[in-house]
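# Descriptive analysis of the structure
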Amino acid sequence: MIYQMSLAADARSIADRILAADAVTVISHIDADGITSEAILSQALQRAGIPAQSIFVRQLEPLTMKHVPENDTLKIFIDLGAGQQNLLEERGMPEDKVVIIDHHVAQDVKTPYPQINAITYGYEKLSAAGVGYFVAREMDECNRDLAKLAVVGNVGDMMARENCALIGPAREIVDDGVQFGNIEVVDHNLNFYGISTRPIHTCLSFCDDPYIPGISNDATAARVFLERIGIAMRNSSGKMRVFEELSEEERQTLINALAEQLIAHGRSTERLLAETYLFTDEELRSPLRNAAEYATMLNACGRWTKPAIGSSVCQGDRGQAYRDAEHMLRHHRTIIREMMEYILDTGVTELSHLQYLHVGDKFPDTVVGIGAGMALSKLNWKKPIMILCYLADEPDLVKASMRTNDTMVRQGVDLQAALAESAAKLGGAGGGHKIAAGAYIPRNSEDDFAEIVNTALSRQSP
Ligand SMILES: [Mn+2]
């Protein structure tokens, strides 16, 4: 396909290809972006009267390609595919039976597979669900209600993180949702996670971006802080209040007090506020009330390999699928909490520029990255953390997950570069983002690997 170099024009031509199909198979990824991507397409296809089937994979690789049916349907690869076009080619898939909707680096192959890819247009802050939404909107204007799901996908893929808001085309999608009436933008909100479900003091104590001295990591201190500024922690019926329930006045009081706290400790207030996205059609205090928590619920479904349940929730199921998703979310939180406690109890090995710990087979590899991120907020935040673990189905390999924070990224830390370079030295492979990355390395090379990564990090921020 010849790129028209315009997202809108390519969305139109991809939409036309999809609308011309007799039947479709959607192949997507099992995280929040992949699940919302699939849910957007499934609904758009259903509304267009095109029979469709969906398949979720953890990763598109030779082994998972066997799940892609060898039939005559149009295969839509979304949130994956761009970087694995050689696999489609090896399978002998003709170009007129494939559409790729993605935001990952594309691979050069001979077959010109039709593709719409956010990075082709220079949009680094637009996820697959965002691109998929533009295609769905071209398929039919009535799909504007799906903007909400695209916002969840974008936030789930951390597209709002750096700028404390969605920007560019991803922000345009927010406006569609606002116009449709199911999204409310809360400007200058606190940049906290859990505003719809966590008690306020828990929300405060979990905050690590920015790190607030005397509050972060200290729930008791957070409680005292709230008392001091006169914010009641319980509502009239005795229930713990959540941040979303604060009045505008209380919200301002809290923001001002936190800003003062930061300034008193000589810290920047830059990342204190963020734009947050509330879903007014969801119940109060539900994890579906805001984009960040909605995304966590979907990630929980993916991590327990039940992405289809997440998709049902995205498509409106608030019955059995929702109850199952809630259960997975709770389980997800418990395991992550246990893992964090394990990391803190066991302690990490500190090198000059890195702290690391091997958890062996105690925790599933699908949660170690999140556990690492949460543990980092309780450890020395100036050193990136690396958690190593065994893989249940790959006895020769070890997975390494790394996390750091925005402050360190601004000082030059790039985990993606450090892991890709270090893993390659041991015959492994790594990738991801500056702030969060992962690698697979041969078993028994863990300590050597830690030294190599430490050296790479020491060059990035001496
Ligand atoms: Mn994605």
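Preceding this paragraph is the structure being described.
Our subject in this report is the structure included herewith.

### Thoughts on helix H6 (residues 168–180)
An α-helical turn contains 3.6 residues, so any two residues separated by three or four positions project in the same direction. Along its 13 residues, H6 runs 19 Å from first to last C-alpha, staying within 8% of the 18 Å computed at 1.5 Å per residue. Among the residues of H6, Pro169, Ala170, Arg171, Ile173, Val174, Asp176 and Gly177 are the ones counted as buried. Elements that come into contact with the buried residues of H6 comprise helix H1 (7–19), helix H4 (128–139), helix H5 (147–156), strand E6 (183–190) and strand E7 (273–279). Note on H6: the residue one or two positions beyond its end, Gly181, has a positive phi of about 110 degrees.

### Focus: the packing of helix H2 (residues 32–47) against helix H10 (residues 291–303)
Any two packed helices are characterised by the angle at which their axes cross and by the distance between the axes. Where H2 meets H10, the axes come as close as 8 Å, and the angle between the chain directions of the two elements is 95 degrees. Judged by the angle between their axes, H2 and H10 are roughly perpendicular. Side by side, H2 and H10 meet where Ala32, Ile35 and Thr36 of the first sit next to Ala295, Leu298, Asn299, Cys301 and Gly302 of the second. For the contact of H2 with H10, a count of residues per class yields five nonpolar, three polar and no charged.

### Examining unusual backbone geometry
Positive phi values are uncommon outside glycine, yet Met158 reaches one of about 65 degrees. As for its placement among the helices and strands, Met158 is situated in the loop between H5 and H6. Met158 gets classed as partly exposed once you count the C-beta atoms within 10 Å, which come to 16.

### Some details on the environment of Met408
Mapped onto the fold, Met408 is located in helix H14 (residues 406–410). As a C-alpha pair, Met408 and Pro384 span 24 residues in sequence and 8.2 Å in three-dimensional space. Residue contacts for Met408: discarding those within four places in its chain leaves Lys382, Pro384, Val413 and Ser461.

### As for the sheet that holds strand E2 (residues 52–57)
A sheet is described by the order of its strands in space; here five strands give the open sequence E2-E1-E3-E4-E5, paired in parallel fashion. The open sheet has two edge strands, E2 and strand E5 (115–117), and neither has a second partner. Across the sheet, the mean angle separating the axes of adjacent strands is 15 degrees when strand polarity is ignored. Running at roughly 160 degrees to strand E1 (residues 24–29), H2 makes contact with E1, E2 and strand E3 (74–78) of the sheet.

Thresholds applied
- Residues numbered from 1 in each chain as written.
- Predicted model: local features only at pLDDT ≥ 70, side-chain atom pairs only at ≥ 80, totals over all residues.
- Helix = DSSP H or I, 4+ residues; strand = E, 2+ residues; numbered from the N terminus.
- Expected span 1.5 Å × (residues − 1).
- Buried ≥ 20, exposed ≤ 12 C-beta atoms within 10 Å, placed from the backbone.
- Contact = placed C-beta atoms within 7 Å.
- Axes fitted to C-alpha atoms, helices over the stretch in contact; angles between N-to-C directions.
- Parallel < 35°, antiparallel > 145°, perpendicular 65-115°, else oblique.
- Nonpolar A, V, L, I, M, F, W, Y, C, P; charged D, E, K, R; others polar.
- Pairing = 2+ DSSP bridges.

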